[in-house]
Amino acid sequence: MSLTGRNKFSILDKPLSRGKGEVSLSCFALLFSEVVQYCQNKSQTVPELQNRLHDLGRKALFGREADKLEHSNDDENTYYLMEKDPLVNRYISVPRDKSSLNCAVFIAGIVEAVLTGTGFTAKVTAHWHKGTTYMVKFDDAVVARDKQLEER
């Protein structure tokens with residue numbers, strides 16, 4: 001097979017551990033800090049930086065639940081996941097010129113990937129509100145399918 005036919009993978013595509021599946025907190029903090037710096041060096045604006053982190057968030061998983069879940073009163077397709085102190089924000093020093101940066105968009109990318117990958121297509125965004133609030137907006141087709149199942 002020629003070299004042109006092979007997929008190229010970056011170091012970010014490789015798993016963190018092959019052992020027991022756990023990584024120390026200090027190792028994670030250092031690695032995530034480097035990921036943020038890497039994305040920051042390739043970004044001109046905070047939204048661009050957040051989009052890069054969001055896209056990378058699709059490639060990792062965490063074993064922690066959110067602090068609270070609420071259903072929107074205004075929109076049946078929207079849910080809010082609230083996390084008071086996301087791990088990804090705990091060890092990042094945000095420069096003054098990027099004060100609106102919320103590195104929890106990385107987690108939003110993970111949530112979106114898991115939902116979409118399991119057939120619950122949704123858009124997930126992260127916002128500063130009561131810590132961090134993840135807004136999960138499901139596609140209309142997902143809500144319609146759920147209603148059909150309830151009617152059975």
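This text gives an overview of the structure that appears in the document. (Residues numbered from 1 in each chain as written. Predicted model: local features only at pLDDT ≥ 70, side-chain atom pairs only at ≥ 80, totals over all residues. Heavy atoms only, no water.)

So, on to unusual backbone geometry. Only a minority of non-glycine residues have a phi that is not negative, and only a minority of peptide bonds are not trans. Located in the positive-phi region is Lys 130, a residue other than glycine, with phi close to 55°. One can find Lys 130 in the loop between strand S3 (122-128) and strand S4 (132-138). (Helix = DSSP H or I, 4+ residues; strand = E, 2+ residues; numbered from the N terminus.)

Turning our attention to the environment of Arg 52. Checked against the element boundaries, Arg 52 lands in helix H2 (residues 46-57). Excluding its chain neighbours within four sequence positions, the residues that come into contact with Arg 52 are Cys 39, Lys 42 and Ser 43. (Contact = heavy atoms within 4.5 Å.)

So, about the pattern of salt bridges. Enumeration according to the criterion identifies 7 salt bridges in this entry. Note that Lys 137 is salt-bridged to Asp 75, the shortest N-O span being 2.3 Å. Linking Lys 137 in strand S4 with Asp 75 in the loop between strand S1 (68-71) and strand S2 (78-83), this pair joins segments that are 62 residues apart in sequence. Asp 75 sits in the partly exposed class, given a relative accessible area of 23%. Of the charged contacts, one joins Arg 90 and Asp 85 as a salt bridge, the two residues approaching to 3.0 Å between their closest N and O atoms. Note on Arg 90: relative accessible area 39%, which makes it partly exposed. The partly exposed category is assigned to Asp 85, whose relative accessible area is 39%. (Salt bridge = Lys/Arg side-chain N within 4 Å of Asp/Glu carboxyl O. Buried < 20%, exposed > 50% of the residue type's maximum accessible area, 1.4 Å probe, protein only.)

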